[in-house]
Amino acid sequence: MSDTPAPIPPPPSPSDVPPVDWKAEYEEMRGIARKWEQRSKRNNTAIGRALEDIAESLRIIAGRNETNERH
């Protein structure tokens, strides 16, 4: 066994690397971003509704406690 590391291969020549369609890459990433944006809005809406329901439940409970304390 040798203590010398394996040689690093040379980089590919430019003719071996396929061209990148940057516009298509951008559009694909933009589509993914839009999908996550919509999902986030739906989640935020659902969380907001749940918090409103919790707040309403707490108001009802507080009202019951207030009524019980008066009697």
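Residues numbered from 1 in each chain as written. Predicted model: local features only at pLDDT ≥ 70, side-chain atom pairs only at ≥ 80, totals over all residues. Heavy atoms only, no water.

**Student:** Just to check I follow, could you spell out the overall build of the protein chain for this structure?
**Tutor:** Within the protein chain, the secondary structure is distributed over one helix and zero strands. Against the compact-globule benchmark of 11 Å for 71 residues, the protein chain has a radius of gyration of 30 Å, which places it well outside the compact range. Looking at the protein chain as a whole, 0% of its 71 residues qualify as buried. About 7100 Å² of surface is accessible on the protein chain, with carbon and sulfur atoms providing 59% of the total. Each charge class in the protein chain can be summarised by its mean position, and for the 11 positive and 12 negative side chains these summaries are 10 Å apart. (Helix = DSSP H or I, 4+ residues; strand = E, 2+ residues; numbered from the N terminus. Rg over C-alpha atoms; globule rule 2.2 N^0.38 Å. Buried < 20%, exposed > 50% of the residue type's maximum accessible area, 1.4 Å probe, protein only. Areas by Shrake-Rupley, 256 points an atom, 1.4 Å probe, with all protein chains shown as cover. Lys, Arg positive; Asp, Glu negative; His and termini not counted. Charge placed at Lys NZ, Arg CZ, Asp CG, Glu CD.)

**Student:** Help me understand the packing of aromatic side chains, please; the structure alone is not making it clear to me.
**Tutor:** Aromatic rings considered in pairs are described by the distance between their centres and by the relative angle of their planes. Counted according to the given criterion, the structure contains zero aromatic pairs. One residue, Arg-39, lies across the ring of Trp-36, its end atom 4.5 Å from the ring centre. (Phe/Tyr/Trp six-rings, centres within 6.5 Å; stacked < 30°, edge-to-face > 60°. Lys NZ or Arg CZ within 6 Å of the ring centre and 35° of its normal.)

**Student:** Sorry, what's going on with the pattern of salt bridges here?
**Tutor:** Pairs can form between side chains of opposite charge whenever their charged atoms are close. All chains considered together, the criterion is met by one salt bridge. Between Arg-59 and Glu-56 there is a salt bridge; the shortest N-O distance is 3.0 Å. Of this pair, Arg-59 and Glu-56 are both found in helix H1 (residues 22-70), three residues apart, which corresponds to roughly one turn of the helix. Overall, Arg-59 belongs to the exposed group, its relative accessible area being 52%. When its relative accessible area of 38% is taken as the criterion, Glu-56 is described as partly exposed. (Salt bridge = Lys/Arg side-chain N within 4 Å of Asp/Glu carboxyl O.)

**Student:** Please explain the environment of Glu-52 as it appears in this structure.
**Tutor:** Within the fold, Glu-52 resides in helix H1. Residue Glu-52 is classed as exposed on the basis of its relative accessible area, which comes to 56%.

**Student:** Explanation requested: the environment of Thr-4 in the structure shown.
**Tutor:** Here Thr-4 is to be found in the segment before H1. The exposure class assigned to Thr-4 is exposed, which follows from its relative accessible area of 59%. Along the primary structure Thr-4 and Asp-16 are separated by 12 residues, whereas in three dimensions their C-alpha atoms are 29 Å apart.

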